[in-house]
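Chain residues, written in single-letter form:
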Amino acid sequence: MLRIRDLSLQTGKKRLISHLDMAVSPGECWVVFGKNGAGKTTLLRTLAGLSRPDSDAVFLNEKSLSAWDAVSLAQQRAYLPQARHDAFAYSVLQTVLAGRHPYHARHYWETDADMAVAFLAMQQM
């Protein structure tokens, strides 16, 4: 479960979010919408642990995001921005396989098991 407790975000002098409290339970689907510059990406990056809030306000399975080590957190969440500019022009399969990197502690290249997980994930989507 993802829990947000009293989250406030700002960029420069602009307040984006004030005192947000909410919880996202397994299986729920939420939508974040708003005009350009409203803070949607800042919020999502904060909830994914890619940007740090001023205080411990975001919890995954009741553990503050700041208490997670990078690999364990990467195994629990994923973040794929709406637009991506990369020099390699990844295919959909290569993008999905990139999500397997936190599981490659003992090997570099994808295994048959990684391919199976990726194909299953794409089939489920």
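Please refer to the structure placed before this passage.
A brief look at the structure comes next. (Residues numbered from 1 in each chain as written. Predicted model: local features only at pLDDT ≥ 70, side-chain atom pairs only at ≥ 80, totals over all residues. Heavy atoms only, no water.)

**Here's the deal with unusual backbone geometry**
So, point 1. If you check the backbone angles, histidine 19 has positive phi at about 55 degrees while not being a glycine.
So, point 2. Relative to the assigned elements, histidine 19 resides in strand β2 (residues 14–24).
So, point 3. In this structure, glutamate 62 takes a positive phi of about 65 degrees despite not being glycine.
So, point 4. Along the chain, glutamate 62 falls in the loop between β3 (58–60) and β4 (63–64).
So, point 5. Judged by its relative accessible area of 46%, glutamate 62 is partly exposed. (Helix = DSSP H or I, 4+ residues; strand = E, 2+ residues; numbered from the N terminus. Buried < 20%, exposed > 50% of the residue type's maximum accessible area, 1.4 Å probe, protein only.)

**A closer look at the side chain of serine 8**
So, point 1. For serine 8, the location among the structural elements is in strand β1 (residues 2–11).
So, point 2. Of the polar contacts made by the side chain of serine 8, one reaches the backbone nitrogen of histidine 19; its length is 3.0 Å.
So, point 3. Each residue touching serine 8, except ones within four places of it in the same chain, is listed here: Arg15, Ile17, Ser18 and His19. (Polar contact = N/O pair within 3.5 Å; in protein donor to acceptor, adjacent residues only side chain to side chain. Contact = heavy atoms within 4.5 Å.)

By themselves these figures say nothing about function.
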